[in-house]
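Chain by chain, the residues:
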Amino acid sequence: MAWWGTLIGGTLGYMLGGPLGALLGAALGRNFSRGVNVTDRYGAYNSGRQERVQAAFFTATFSLMGHIAKADGKVTREEISAAEAIMAHMQLNAVQRKAAIRLFNAGKQADFRLDEVIEQFRRECHGRRNLERVFIEIQITTAQADGHLHAAERRILQDIGNRLGFSAAEIDQLLAAGRHPPGTATRQTLTTAYQVLGVSAQASDAEVKKAYRRLMNQHHPDKLIARGLPEEMIQLATEKTQQIKAAYEQVKASRAA
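Residues numbered from 1 in each chain as written. Predicted model: local features only at pLDDT ≥ 70, side-chain atom pairs only at ≥ 80, totals over all residues. Heavy atoms only, no water.

### Topic: the overall build of the chain
Here comes step 1: Each helix and strand counted, the chain has 15 helices and 0 strands in total.
Here comes step 2: Here the chain holds 257 residues, and 51% of them are scored as buried.
Here comes step 3: Counting contacts in the chain only where the partners sit at least 6 residues apart, residues at least 24 apart contribute 74% of the total.
Here comes step 4: For the chain, the exposed surface amounts to about 11600 Å²; the carbon and sulfur share of it is 51%. (Helix = DSSP H or I, 4+ residues; strand = E, 2+ residues; numbered from the N terminus. Buried < 20%, exposed > 50% of the residue type's maximum accessible area, 1.4 Å probe, protein only. Contact = heavy atoms within 4.5 Å. Areas by Shrake-Rupley, 256 points an atom, 1.4 Å probe, with all protein chains shown as cover.)

What follows is the structure in structure tokens.
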């Protein structure tokens, strides 16, 4: 939680600035406008600091969740529950939870600056592909929480993916896997297991194993924390690796039968 302490201490607000700094400042009732000039120079020394990346991830995550939830014109109880579940996993304290809710609500507003928020998030990540992937997966989980992916939600997810450098095919694969978020069932169907691994039932054993190893590397909690995932989100990463492992074991068992 080092990034949060730095933020409350006042220094991180100065470092962040930009649309993300404005959102986070509003959520906390703070003025971070001084950081705009610093943030505009993305090559500045402070721009790569771990705390800054973590604050950007936290801010973009909850504001985008609200924006996507409202994309079809209404926010369902299931979508709110999905956001609350993520907050619960993160074990946010009272101040953090209030900030997350305010960010979610800010994302629902008509004047939400989606393009600017995604652009700053991309630049703050500095090419940390695995971190960007987890970010998209969280958004997909929220969008599909009500059991239906609205066309407007799909367009936003595809747009986010495109801006972060993911192909349409990659986003489709993540959408397929996202229909079965971790923790929703103790036993996956075999079809679900293949979707989680991102391979077809016709894939060779070597291809299945390669996909499994790649996904485990992408979602390894320690590696994600090192790349800027807020420490509070480690439970999400841990559950995802458990789901991937369970899917792999199930596919292996079915092939050995």
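Now that the structure has been shown, we can carry on.
### Re helix H7 (residues 94-107)
Here comes step 1: The first and last C-alpha atoms of H7 sit 20 Å apart over 14 residues, in line with the 20 Å expected at 1.5 Å per residue.
Here comes step 2: All buried positions along H7 are accounted for by Gln96, Ala99, Ala100, Leu103, Phe104 and Gly107. On an axial view of H7, the arc spanned by its buried residues comes to 140°, and they lie on one face.
Here comes step 3: The N-cap residue of H7 is Asn93: its side-chain oxygen and the backbone nitrogen of Val95 are 3.1 Å apart. (Expected span 1.5 Å × (residues − 1). Arc of directions from axis to C-beta. Polar contact = N/O pair within 3.5 Å; in protein donor to acceptor, adjacent residues only side chain to side chain.)

### Some words on the packing of aromatic side chains
Here comes step 1: The tally for this structure, following the rule as stated, stands at 5 aromatic pairs.
Here comes step 2: Each residue in the set Phe57, Phe121 and Phe135 is aromatic and connected to the rest through ring pairs, giving one cluster.
Here comes step 3: It is Arg129 that lies over the ring of Phe166; its NZ or CZ is 3.8 Å from the centre. (Phe/Tyr/Trp six-rings, centres within 6.5 Å; stacked < 30°, edge-to-face > 60°. Lys NZ or Arg CZ within 6 Å of the ring centre and 35° of its normal.)

### What about the confidence of the model for the chain?
Here comes step 1: On average, residues of the chain carry a pLDDT of 80, and 81% of them reach 70 or more.
Here comes step 2: Under a pLDDT of 50 for its full length, residues 33-48 has, in the predicted model, 32 contacts with residues more than four places off or in other chains. (pLDDT = per-residue confidence, 0-100.)

### Points about the nonpolar core
Here comes step 1: Counting 54 residues, the largest nonpolar core has Phe57, Phe62, Phe135, Ile136, Ile160 and Leu229 as the members making the most contacts within it.
Here comes step 2: With 11 residues, helix H5 (residues 50-69) is the single largest residue contributor to this core.
Here comes step 3: When neighbours within four sequence positions are excluded, Phe135 is seen to be in contact with Phe57, Ala60, Thr61, Leu64, Ile118, Phe121, Ile160 and Leu164.
Here comes step 4: Core analysis: the next-biggest nonpolar cluster, separate from the first, contains 14 residues, Tyr194, Val196, Ala203 and Val251 among them. (Core = buried A, V, L, I, M, F, W, Y, C linked by side-chain atoms within 4.5 Å.)

### A closer look at the packing of H5 against helix H10 (residues 151-163)
Here comes step 1: Relative orientation of the contacting elements H5 and H10 amounts to 145°, with a least axis distance of 9 Å. Touching Leu64, His67, Ile68 and Ala69 of H5 are Glu153, Ile156, Leu157 and Ile160, all from H10.
Here comes step 2: Tallied by class, the residues present in the contact of H5 with H10 amount to 6 nonpolar, 1 polar and 1 charged. (Axes fitted to C-alpha atoms, helices over the stretch in contact; angles between N-to-C directions. Nonpolar A, V, L, I, M, F, W, Y, C, P; charged D, E, K, R; others polar.)

### Things to note about the side chain of Glu153
Here comes step 1: Tracing the backbone through its elements, the reader meets Glu153 in helix H10.
Here comes step 2: With no salt bridge to any partner, buried Glu153 finds its closest opposite charge in Lys74, at an N-O distance of 8.0 Å.
Here comes step 3: Residues within four places of Glu153 in sequence aside, it is in contact with Ile68, Ala69, Ala71, Asp72, Glu79, Ala143 and His148. (Lys, Arg positive; Asp, Glu negative; His and termini not counted. Salt bridge = Lys/Arg side-chain N within 4 Å of Asp/Glu carboxyl O.)

### A few points about the pattern of salt bridges
Here comes step 1: The final tally for this structure, using the stated rule, is 11 salt bridges.
Here comes step 2: The salt bridge involving Asp172 is made with Arg154; its shortest N-O contact spans 3.3 Å. Of this pair, Asp172 sits in helix H11 (residues 168-178) while Arg154 sits in helix H10; the two residues are 18 residues apart in sequence, bridging distant segments of the chain.
Here comes step 3: Residues Glu249 and Lys252 are paired through a salt bridge, measuring 3.9 Å at the closest nitrogen-oxygen approach. Separated by 3 residues within a single helix, Glu249 and Lys252 lie in helix H15 (residues 234-256), roughly one turn from each other.
Here comes step 4: Glu249 gets classed as partly exposed once you look at its relative accessible area, which sits at 36%.
Here comes step 5: Judged by relative accessible area, which is 39%, Lys252 ranks as partly exposed.
Here comes step 6: Ionic contacts of the salt-bridge type, sharing partners, join the residues Asp115, Asp159 and Arg163 into one network.

### A closer look at the packing of helix H13 (residues 205-218) against H15
Here comes step 1: In contact at an axis separation of 10 Å, H13 and H15 are set at 170° when each is read in the N-to-C sense. Overall, the two elements H13 and H15 adopt an arrangement that is roughly antiparallel. Here Asp205, Val208, Lys209, Tyr212, Leu215 and Met216 of H13 come into contact with H15, specifically with Thr241, Ile244, Lys245, Tyr248, Val251 and Arg255.
Here comes step 2: When its residues are assigned to classes, the contact of H13 with H15 shows 7 nonpolar, 1 polar and 4 charged. (Parallel < 35°, antiparallel > 145°, perpendicular 65-115°, else oblique.)

### As for H5
Helical periodicity: at 3.6 residues per turn, an α-helix aligns residues three or four positions apart in one direction.
Here comes step 1: With 20 residues, H5 extends 29 Å between its outermost C-alpha atoms, agreeing within 8% with the 28 Å of an ideal straight helix rising 1.5 Å per residue.
Here comes step 2: Most of H5 is tucked away: 19 of the 20 residues are buried.

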